[in-house]
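Chains, contacts and geometry: an overview
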Amino acid sequence: MSGHTDNSILINADIDTVWTITNDLASWPQLFTEYASVEILETTANTFKFRLTMHPDENGTAWSWVSERTLDPVNHEVRAYRVETGPFEYMHIHWTYTREGAGTRMRWVQDFHLRPSAPVDDEQMTKNINANSAREMAVIRDKVELAAAGAASPALSVPEQV
């Protein structure tokens with residue numbers, strides 16, 4: 001058995017704005033509610049190796065792992081995987097962005113399998129990821145829409161494109 005999630009949200013902002021804001025790794029602690037810090041370890045063209053650290057959980061544990069993320073700006077797609085897999089045997093993530101009317105549909109697909117020694121199984125993790133994705137996507141949507149409207153704080157404004 002393995003886990004699979006597929007979540008999406010419509011963001012009322014153009015695709016370039018959504019792409020730029022959601023792929024600015026350095027700003028993820030301001031964009032996501034669950035991330036305390038991001039440390040970019042290595043950058044090669046459109047590939048980034050980075051450490052994510054979450055805010056401490058109810059037991060005081062601050063989960064952290066290294067991921068690698070490759071951006072395809074032409075097709076508005078991102079492929080990522082965990083380098084340090086922790087309780088996962090593997091974790092593969094595919095983000096896509098598509099124009100939908102005047103807005104952008106952001107979609108996250110995750111495929112994974114947990115180790116037998118993990119504290120939860122694939123089914124439980126699927127429920128956790130689906131719940132977290134819905135919450136985080138709504139927060140991100142709101143922040144991106146504010147930034148697109150020019151009403152966000154400077155930390156969440158639309159970064160200049162390089």
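Going by the structure above, here's the rest.
Throughout what follows, the structure given in this document is the object of discussion. (Residues numbered from 1 in each chain as written. Predicted model: local features only at pLDDT ≥ 70, side-chain atom pairs only at ≥ 80, totals over all residues. Heavy atoms only, no water.)

Here we take up the environment of Phe112. Inspection of the secondary structure puts Phe112 in strand E7 (residues 103-114). For Phe112, a relative accessible area of 0% puts it in the buried group. When the C-alpha atoms of Phe112 and His4 are compared, they prove to be 6.5 Å apart, with 108 residues separating the residues in sequence. Excluding anything up to four places from it in sequence, Phe112 contacts Ser2, Gly3, His4, Thr5, Phe88, Tyr90, Met91, Asp122, Met125, Thr126 and Ile129. (Helix = DSSP H or I, 4+ residues; strand = E, 2+ residues; numbered from the N terminus. Buried < 20%, exposed > 50% of the residue type's maximum accessible area, 1.4 Å probe, protein only. Contact = heavy atoms within 4.5 Å.)

Sheet topology note: the strand E2 (residues 35-44)/strand E3 (residues 47-54) ladder contains eight bridges and is antiparallel. Paired with Ile40 across the strands is Phe50, a residue of E3. The turn linking E2 back onto E3 is made up of two residues, and Ala45 within it adopts a positive phi angle of 50°. (Pairing = 2+ DSSP bridges.)

A few words now on the packing of aromatic side chains. All told, the structure shown has eleven aromatic pairs when counted by the stated rule. Judged by centre distance (4.9 Å) and plane angle (55°), the rings of Trp28 and Phe32 are tilted. Take Trp28 and Phe32: they sit in the same class, and that class is buried. Between Trp28 and Phe50 the ring centres are 5.9 Å apart and the planes differ by 85°, which places this aromatic pair in the edge-to-face class. Of this pair, Trp28 sits in helix H2 (residues 28-31) while Phe50 sits in strand E3, placing them 22 residues apart in sequence. These aromatic residues form a ring-pair network of at least three members: Trp19, Trp28, Phe32, Tyr35, Phe50, Trp65, Trp95, Tyr97 and Trp108. The ring of Trp95 carries the charged tip of Arg69 above its face, separated from the ring centre by 4.0 Å. (Phe/Tyr/Trp six-rings, centres within 6.5 Å; stacked < 30°, edge-to-face > 60°. Lys NZ or Arg CZ within 6 Å of the ring centre and 35° of its normal.)

Now for the nonpolar core. Within the largest apolar cluster, 36 residues are counted, with the highest numbers of intra-cluster contacts made by Trp28, Phe32, Trp95, Tyr97, Met106 and Val144. Among the elements that take part in this core, helix H3 (residues 122-148) stands out by supplying six residues, more than any other. Each residue touching Val144, except ones within four places of it in the same chain, is listed here: Ile11, Ala13, Thr17, Val18, Ile21, Thr22 and Leu31. (Core = buried A, V, L, I, M, F, W, Y, C linked by side-chain atoms within 4.5 Å.)

Our focus in this paragraph is helix H1 (residues 15-22). Because each turn of an α-helix spans 3.6 residues, side chains separated by three or four positions end up pointing in the same direction. Counting buried residues in H1 gives seven out of eight residues, a clear majority hidden from the surface. Capping the start of H1, Asp14 holds a side-chain oxygen 3.1 Å from the backbone nitrogen of Asp16, two or three residues further along. (Polar contact = N/O pair within 3.5 Å; in protein donor to acceptor, adjacent residues only side chain to side chain.)

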